[in-house]
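# Observations on chain architecture
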Amino acid sequence: MEERQISKAVIKRLPRYYRYLGEMLQNGVERISSGELSNKMQVTASQIRQDLNNFGGFGQQGYGYNVKYLYDEIGRILGVDKLHPMIIIGGGNFGHALANYDFEKNGFVTKAIFDVRPSLVGTSVRGIPVLMMDELESFVEKERVEIAVLTLPKDRVAEAAGRLVACGIKALWNFAHLDLDVPKDVVVENVHLVDSLMQLSYRISNYESGKEKEE
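A short tour of the structure in this document, coming up. Keep in mind it's a predicted model, so treat the numbers as computed, not measured.

## Side note on the overall build of the protein
When helices and strands are tallied, the protein shows eight helices and nine strands. For the protein, the C-alpha atoms occupy an extent of roughly 60 × 40 × 35 Å along the three principal directions. Burial statistics for the protein: of 215 residues in total, 39% are counted as buried. Long-range pairs, those at least 24 residues apart, make up 54% of the contacts in the protein between residues at least 6 apart in sequence.

## Brief notes about the pairing of strand β7 (residues 147–150)
In regular strands, side chains alternate between the two faces of the sheet. Of the two faces of β7, the one lined by Ile147 and Val149 and the one lined by Ala148 and Leu150 are each fully buried. Sheet topology places β7 next to strand β8 (residues 171–174); four bridges connect them, and they run parallel. Bridging across to β8, Leu150 finds its partner in Asn174. Running through helix α7 (residues 154–166), the crossover from β7 to the neighbouring parallel element β8 is right-handed.

## Details of the side chain of His84
With respect to the helices and strands, His84 occurs in strand β3 (residues 84–89). Under the relative-accessibility criterion, His84 is labelled buried at 12%. Engagement of the side chain of His84 in a polar contact is seen with the side chain of Glu146, the distance being 2.7 Å. Apart from the residues lying within four places of it in its own chain, the contact partners of His84 are Gly79, Gly107, Phe108, Val109, Glu146 and Ile147.

## A few points about the pairing of strand β4 (residues 108–115)
Summarising the sheet, β3 and β4 pair through six bridges and their orientation is parallel. For Pro85, the partnering residue across the bridge sits in β4 and is Val109. Handedness of the β3-helix α5 (residues 93–99)-β4 crossover: right-handed. Pairing between β4 and strand β6 (residues 128–132): three bridges, direction parallel. When the sheet's bridge partners are listed, Asp115 is paired in β6 with Met132.

## A word on a nonpolar patch on the surface
The grouping of Leu197, Leu200 and Ile204 at the surface amounts to a nonpolar patch, some 320 Å² of accessible area in total. Its location among the elements puts Leu200 in helix α8 (residues 193–207). The exposure class of Leu200 is partly exposed, given its relative accessible area of 45%.

Calculation criteria
In every chain, residue numbers begin from 1 and rise along the written sequence. With the structure being a predicted model, the display of local features is reserved for residues of pLDDT at least 70 and the display and counting of side-chain atom pairs for 80 or more, all residues being used for whole-chain, interface and lining totals. Side-chain numbers come from the whole structure's heavy atoms, not from hydrogens or water. Put simply, DSSP marks the helices as runs of H or I at least four residues long and the strands as runs of E at least two long, and each gets a number from the N terminus on. Whether a residue is buried, partly exposed or exposed follows from its accessible area with a 1.4 Å probe, protein chains only, as a fraction of its type maximum: under 20%, in between, or over 50%, in that order. In what follows, residue pairs with any heavy atoms lying within 4.5 Å of each other are defined as contacts. A strand pair is defined by DSSP finding two or more bridges across the two strands. With strands facing away from the observer, any crossover in which the path from the first strand over the helix to the second runs clockwise is taken as right-handed. Side-chain atoms alone can form a polar contact between residues adjacent in sequence; in general such a contact is a pair of N or O atoms within 3.5 Å, and within protein one must be able to donate a hydrogen while the other accepts it. A patch consists of residues whose relative accessible area exceeds 30% and which take part in no salt bridge; residues with like charges are grouped when within 9 Å of each other, and nonpolar side chains (Val, Leu, Ile, Met, Phe, Trp, Tyr) when within 5 Å. Here the Shrake-Rupley method, with its probe set to 1.4 Å, supplies the accessible areas, and only the displayed protein chains count as covering residues. Any carboxyl oxygen of Asp or Glu within 4 Å of a side-chain nitrogen of Lys or Arg constitutes a salt bridge here.

Okay, here's the thing in structure tokens:
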């Protein structure tokens, strides 16, 4: 199949499709039309068909979509049909909160939390050990870690990112308010919480004027 560029807007919607389809499976739904899926997701049926056609379509005219099949296929596209070992850098309150979240159900297995404070040696969060940063390189190599979650202060995150890239990490989930400068073959997903709040503020300010619209 010819490789094609998928827009960021489509990629952003894929996890939503996956989540809604998973809920339908739990409720015993076997098939669904693009129109029915549209009502649940607040995305037009035409947009849903266009999105899915980027990957082959998956539907049958007059039948709609087989929920289990579509759920499995989107999971495969997203890469959550296999396990992704990851670590959390920063054992503070936010790092602890992320460690307590059950990412495993979507294929992301948190192997360890790393910190620099000796007082945390021997502690754990939900069975996930807290290790010292001087153990980082050997642990990443041994566990074949793919993803690092950065929950560090802004003034420490660039150094940590460089160290992680040097030891072979290929994906960074960055919660620090700093856009990282890393090699092009390293994938970075920035989550700027303040930016998200400002987007929420914009939506509140513009909702009544009708300026807001679905992407």
